[in-house]
Amino acid sequence: MRTQFVRRTAAAFAGVALAAAGLGVAGALQANAATTTTTASASIAAKSITIKSDKTTAKAWTKVSFTGKTSGIAKNTVVQVQRLQNGKWVNFPATTKVTSRATYSVWVQSGRVGVNKFRVVAANTASAPVSVTITK
């Protein structure tokens with residue numbers, strides 16, 4: 001009878017120990033899963049767009065071409081040209097779309113003599129500005 005009691009007690013302790021170890025492993029797995037999820041969402045590609053002008057100086061109403069590359073912006077997304085006017089970026093009447101090669105090309109004509117700053121915006125992402133001096 002005493003032997004049976006010892007065996008049952010040892011089995012009960014072993015069961016509790018295994019259960020506790022199992023909870024520790026499960027907790028570690030949950031912590032690892034949370035870390036993996038956070039890492040995966042942080043690795044999503046950031047959106048970017050560049051701009052390059054074919055001219056730094058142009059006569060009034062001469063075509064000036066802008067080209068650039070995008071990253072993380074879908075094909076056929078509208079690219080809007082903007083010009084800096086009185087300290088605010090204003091939509092310029094020139095748009096195009098992102099190509100399947102993640103590039104774009106668009107041209108503008110301006111009669112505003114002096115330094116004109118342009119940028120492009122697509123998918124809530126703006127390029128750095130580029131300056132074009134327009135002369136008479």
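Residues numbered from 1 in each chain as written. Predicted model: local features only at pLDDT ≥ 70, side-chain atom pairs only at ≥ 80, totals over all residues. Heavy atoms only, no water.

S.K.: Just give me the short version of the pattern of salt bridges, but keep the residues and values in it.
M.R.: Following the criterion strictly, the structure yields one salt bridge and no others. Across the pair Lys-55 and Asp-54 runs a salt bridge, and its minimum N-O distance is 3.4 Å. Judged by relative accessible area, which is 27%, Lys-55 ranks as partly exposed. Judged by its relative accessible area of 46%, Asp-54 falls in the partly exposed class. (Salt bridge = Lys/Arg side-chain N within 4 Å of Asp/Glu carboxyl O. Buried < 20%, exposed > 50% of the residue type's maximum accessible area, 1.4 Å probe, protein only.)

S.K.: Before we move on, could you go through the pairing of strand β10 (residues 130-135) and cite the residues and values that matter?
M.R.: For a regular strand, the rule is simple: side chains alternate between the two faces of the sheet. Of the two faces of β10, only one is covered, namely that formed by Val-130, Val-132 and Ile-134; the face formed by Ser-131, Thr-133 and Thr-135 stays uncovered. Relative to β10, strand β3 (residues 57-59) runs parallel, the two sharing three bridges. Each bridged residue has a counterpart across the sheet, and for Thr-57 the counterpart in β10 is Thr-133. Across five bridges, strand β8 (residues 114-122) lies against β10 in antiparallel orientation. Within the sheet, the bridge partner assigned to Asn-116 lies in β10 and is Val-132. (Helix = DSSP H or I, 4+ residues; strand = E, 2+ residues; numbered from the N terminus. Pairing = 2+ DSSP bridges.)

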